[in-house]
Amino acid sequence: MTDTPPPLLVAEHLTKRYRGVLALDDVSFAIGEGITGLLGENGAGKSTAIRIFLGLIPPTSGTALALGRSTSDALDVRARLGYMPEHDCLPSQLSAAEFLTHMAEVSGLPPSAARTRAADTLRHTGLFEERYRPIGGYSTGMKQRVKLAQALVHDPAFVFLDEPTAGLDPAGREEMLALIRKTHRDFGISVLMSSHLMADVERTCDRIVVFRSGRLVQSGELTTFTGDTATVFLEVDSNRDNLAAALERRGVAVSDAGGGLTIEGPDESVYDAIRDALVEAEAPLRRMAPRRRALADLFEATAGTSPAGRS
Amino acid sequence: MAESVQAGRAPGTVFDIGYRSYAGRREGRGRGRIAVFKNGVRTALGLGRGGRAKILPWSFLAILTGIALIMVLIAGAATRFAGPAGAAKMDLPSHVDYYGIASILLFVFAALVAPELLCRDRRERTINLYLVRPLTGTDYIAARYAAGLAVMLTAVWLPQIILFLGLTFDAAEPVAYLRANWLDVPRFLLAGLVLATFTTGLALLTAAFTDRRAYASVFLVGLFIITAPFTAGLASDIQGPAGQWLSMFNLTNIPMHVNDIIFGEVSDVTKDAPAGKLPAAVLVGWYLAWTIVPGLVLWARYRRLSP
């Protein structure tokens, strides 16, 4: 028998209503250790859920637990939570070293420990060399790192990241995603990453929680949503049209997709037909593999359906 | 063996010791409040910032202290040239008059300090980072108020302390001067507290309603400076009880009337103010209203603040 670690965040029938607007509607889920992606379009309820877990707003009904404690005990719990907002929030005239030391103290660390933690965190986020420069002179990528660093400086058990790659160029985005993975794998800090960029979530997260219009659409391990499909993708170097014709003559339905051919739900016998068609069409095979689902497919598939657990 | 390992290393190699979790003491909300207070004092005085951030606050502190030094020099010169008895007859400005003389400068100083404490955090949205930590809006504003008050107390007390030390050591018999005038110390400390709480509350309240420091500063300077001649002129035209009450709205005089009550004598700036003839309880009550109400409004504005 293995001991399963208790979930870090638990929502049980969580509902939040703002003056007649239902922001969260009877949402229940649990988030454990690791990196979790929180997905949903604008107004889906992502920020409301984060604000409830941080104890900034009370739920209208239901229960929210963070680190095993009710979010009504928010002040104590917040000492072990970190938050990186999406918007700008950094003091332009302060150096990163002074700002992080100050934020560590505000989180309750004694001054000497705060200074040490600030230096360590700046080193881990790649800002150590620039730590005495005023933040106002930093690039967008460096500012995003300072935002992440201030969320980590007090060594939280759990950190909320709101659109952490917003405004970053491709290289900066890669670096930020690598830092987020490092946050969990090397620092042991679990992460809830709110994003509308599915590629970022696919590449970074272990599991996802998907909201739509305040309701929970999906939650679970990322691999269950992005696993192999029953579609086979064929890519050849040349003679693609000849190959398609050869396959159709053998009764195999094919369609063009992304520079290759796809075959829906093939059984074992189809693979023989593919082999023979490749020989007949003299098409050099570059790649044949099951097609993986993308998170975008999940959104498309659930666009017109009811949220999970509801009819 | 060890030597051979050492020989293989490049000189000055820094080893990455990896991430170290923090297992030390967490001091919670109290430490957070102290941190916001400390940061407020540093922000107000430009400490840890560039030279430009220091110019205004330190210039004002220098000028306020300079006024006290000039008063000491004048008192010293008068004693030397006219003798102690002659100097006493001159009725030279002293502790009771200092706050009146320096009041406009102190109000302008408060108008510069308060926006630094509140506007920047809201404009740059840094306040959102405070409110997601173990700190409430009440904690934040209380710590910022305490920081503003500490800076204002420095500005009002430091010159008075210098003035007292100067007058004491400049006296022909310092010990005798000390025995005769020691009560001035609690008086100027209390009167300074009265002035500092009044200016801090009003200045922070104004700063709480805009995130632009310049707007807050200009509004405050205008409020303090314009109300003085406006109300004084109208009060002298109207006269009678209505004039007295109108004179109460001279914002710079509100703490000065309490200053006069504390020292038991009328200072130069309030001697012509019609409100000075009102009962002491009314003047103190009016001062308390102008100090407590802004504080409560400020608290109400921040206590439910969330990112």
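The model shown is predicted, which means the values in this text are computed figures rather than measured ones.

Thresholds, definitions, all that
- Residues numbered from 1 in each chain as written.
- Chains lettered and ligands numbered in written order.
- Predicted model: local features only at pLDDT ≥ 70, side-chain atom pairs only at ≥ 80, totals over all residues.
- Helix = DSSP H or I, 4+ residues; strand = E, 2+ residues; numbered from the N terminus.
- Rg over C-alpha atoms; globule rule 2.2 N^0.38 Å.
- Buried ≥ 20, exposed ≤ 12 C-beta atoms within 10 Å, placed from the backbone.
- Contact = placed C-beta atoms within 7 Å.
- Expected span 1.5 Å × (residues − 1).
- Axes fitted to C-alpha atoms, helices over the stretch in contact; angles between N-to-C directions.
- Parallel < 35°, antiparallel > 145°, perpendicular 65-115°, else oblique.
- Left-handed = near helix turned anticlockwise from the far one by under 90°.
- Nonpolar A, V, L, I, M, F, W, Y, C, P; charged D, E, K, R; others polar.
- Pairing = 2+ DSSP bridges.
- Domains from an automatic or database assignment.
- pLDDT = per-residue confidence, 0-100.
- Core = buried A, V, L, I, M, F, W, Y, C linked by C-beta atoms within 7 Å.

## A short note on the overall build of chain B
Reasoning step 1: The helix and strand tally for chain B stands at 12 helices and zero strands.
Reasoning step 2: For chain B, the succession of helices and strands along the chain, N to C, is α-α-α-α-α-α-α-α-α-α-α-α.
Reasoning step 3: Compactness check: chain B gives a C-alpha radius of gyration of 25 Å against a globular reference of 19 Å for 307 residues, more than 25% above the reference.
Reasoning step 4: The principal-axis extent of the C-alpha atoms belonging to chain B is close to 90 × 50 × 30 Å.
Reasoning step 5: Per-residue burial for chain B yields a buried fraction of 39% across its 307 residues.
Reasoning step 6: Of all intrachain contacts in chain B linking residues separated by at least 6 positions in sequence, the fraction that spans at least 24 positions is 78%.

## A word on helix α4 (residues 111-124) of chain A
Reasoning step 1: For α4(A), with 14 residues, the first-to-last C-alpha span of 20 Å sits near the 20 Å given by 1.5 Å per residue.
Reasoning step 2: Close packing links the buried residues of α4(A) with α3 (96-106) and α5 (140-152) of chain A.

## Observations regarding the packing of helix α4 (residues 95-123) of chain B against helix α6 (residues 137-170) of chain B
All names here are of chain B.
Reasoning step 1: Following both chains from N to C, one finds α4 and α6 inclined at 150 degrees, their axes separated by 10 Å at the closest point. Taken as axis vectors, α4 and α6 run roughly antiparallel relative to one another. Crossing of α4 over α6 shows right-handed handedness. Of the residues in α6, those in contact with His95, Tyr98, Tyr99, Ala102, Leu106, Phe109, Ala110, Val113, Ala114, Leu117 and Leu118 of α4 are Arg144, Ala147, Gly148, Val151, Met152, Ala155, Val156, Pro159, Gln160, Leu163 and Phe164.
Reasoning step 2: The class makeup of the residues in the contact of α4 with α6 is 18 nonpolar, three polar and one charged.

## Overview of the interface of chain A and chain B
Reasoning step 1: Listed as interface residues are 34 residues of chain A and, on the opposing side, 32 residues of chain B.
Reasoning step 2: Mapped onto the side of chain A that touches chain B, the elements with two or more residues apiece are α2 (74-78), α3 and α4 of chain A.
Reasoning step 3: Counting residues per element, the side of chain A that touches chain B draws most heavily on α3(A), at five residues.
Reasoning step 4: The class makeup of the residues in the side of chain A that touches chain B is 16 nonpolar, nine polar and nine charged.

## Quick word on the sheet that holds strand β3 (residues 35-39) of chain A
All names here are of chain A.
Reasoning step 1: Taken together, six strands build an open sheet; the order of strands is β6-β7-β8-β3-β9-β10 and the sheet is mixed. Every interior strand has two partners, whereas the edge strands, β6 (81-84) and β10 (215-221), have only one. Sheet twist, expressed as the average angle between the axes of neighbouring strands with direction ignored, equals 15 degrees.
Reasoning step 2: Bridge count between β6 and strand β7 (residues 158-162): four bridges; the pairing is parallel. Following the sheet pairing, Gly82 is matched in β7 by Val159.

## Considerations on the environment of A:Glu33
Residues and elements named next belong to chain A.
Reasoning step 1: Within the secondary structure, Glu33 sits in the loop between β2 (21-31) and β3.
Reasoning step 2: A residue is classified by how many C-beta atoms lie within 10 Å of it, and Glu33, with 17 of them, is partly exposed.
Reasoning step 3: The spatial distance from the C-alpha of Glu33 to the C-alpha of Asp206 is 9.4 Å, given a sequence separation of 173 residues.
Reasoning step 4: Look past the residues within four positions of Glu33 in its chain and what remains in contact with it is Pro5, Leu8 and Ser190.

## Quick notes on the environment of A:Ala253
Reasoning step 1: Along the chain, A:Ala253 turns up in the loop between α9 (240-249) and β12 (254-257).
Reasoning step 2: Counting along the chain gives 115 residues from A:Ala253 to A:Tyr138, while the straight-line C-alpha distance between them is 55 Å.

## Focus: the domain arrangement of chain A
Reasoning step 1: For chain A, the assigned domains read domain 1 (9-225) and domain 2 (228-292).
Reasoning step 2: Here the C-alpha centre of domain 2 of chain A lies 44 Å away from the C-alpha centre of domain 1 of chain A.

## Thoughts on helix α8 (residues 184-207) of chain B
Reasoning step 1: Taking 1.5 Å per residue as the helical rise, α8(B) with its 24 residues ought to reach 34 Å, and the 34 Å between its terminal C-alpha atoms agrees with that figure.
Reasoning step 2: By the criterion of burial, α8(B) is predominantly enclosed, with 18 of the 24 residues buried.

## Details of the sheet that holds strand β4 (residues 61-66) of chain A
All names here are of chain A.
Reasoning step 1: A sheet is described by the order of its strands in space; here four strands give the open sequence β2-β1-β4-β5, paired in antiparallel fashion. With one partner strand each, in any of the chains shown, β2 and β5 (69-70) form the two edges of the open sheet.
Reasoning step 2: Across two bridges, the pairing between β4 and β5 is antiparallel. Opposite Leu65, over in β5, you have Ser70 as the bridge partner.
Reasoning step 3: Helix-sheet contacts for helix α1 (residues 46-53) involve β1 (9-18), β2 and β4, and the interaxial angle to β1 is about 115 degrees.

## Overview of the pairing of strand β9 (residues 207-212) of chain A
Residues and elements named next belong to chain A.
Reasoning step 1: The element β9 is extensively covered by neighbouring structure, given that five of its six residues are classed as buried.
Reasoning step 2: Note: β3 against β9, four bridges, orientation parallel. Bridge pairing links Gly37 to Ile208 in β9.
Reasoning step 3: The pairing of β9 with β10 spans six bridges and is antiparallel. By the bridge assignment for β10, Arg207 is matched with Glu221.
Reasoning step 4: Where β9 hands over to β10, the hairpin turn is made up of two residues, of which Ser213 adopts a positive phi near 50 degrees.

## Some thoughts on the confidence of the model for chain B
All names here are of chain B.
Reasoning step 1: Predicted confidence across chain B gives a mean pLDDT of 87, with 94% of residues reaching 70 or more.
Reasoning step 2: Across residues 1-6 the pLDDT falls below 50, and counting only partners more than four positions away or on other chains, this stretch makes zero contacts in the model.
Reasoning step 3: Reported confidence for the predicted complex is 0.84 by ipTM and 0.83 by pTM.

## Details of the nonpolar core
Inside soluble globular proteins, nonpolar side chains tend to come together where they are buried.
Reasoning step 1: Grouped together as the largest cluster of nonpolar side chains are 137 residues, with contacts concentrated most on B:Ala114 and B:Leu204.
Reasoning step 2: Sequence-distant contacts of B:Ala114, defined by excluding residues within four places in its chain, comprise B:Gly148, B:Ala203, B:Leu204, B:Thr206, B:Ala207 and B:Ala216.
Reasoning step 3: By size, the runner-up hydrophobic cluster in this structure holds 14 residues, among which are A:Val232, A:Ala246, A:Leu247 and A:Ala283.

## A look at the packing of α3(A) against α4(A)
All names here are of chain A.
Reasoning step 1: At a closest axis distance of 8 Å, the pairing of α3 and α4 adopts a crossing angle of 130 degrees. Classified by the angle their axes make, α3 and α4 are oblique. Seen along the crossing, α3 lies across α4 with a hand that is right-handed. Across the interface between the two elements, Ala96, Ala97, Leu100, Thr101, Ala104 and Glu105 of α3 pack against Pro111, Ala114, Arg115, Arg117, Ala118, Thr121 and Leu122 of α4.
Reasoning step 2: Looking at the contact of α3 with α4 residue by residue, the classes come out as eight nonpolar, two polar and three charged.

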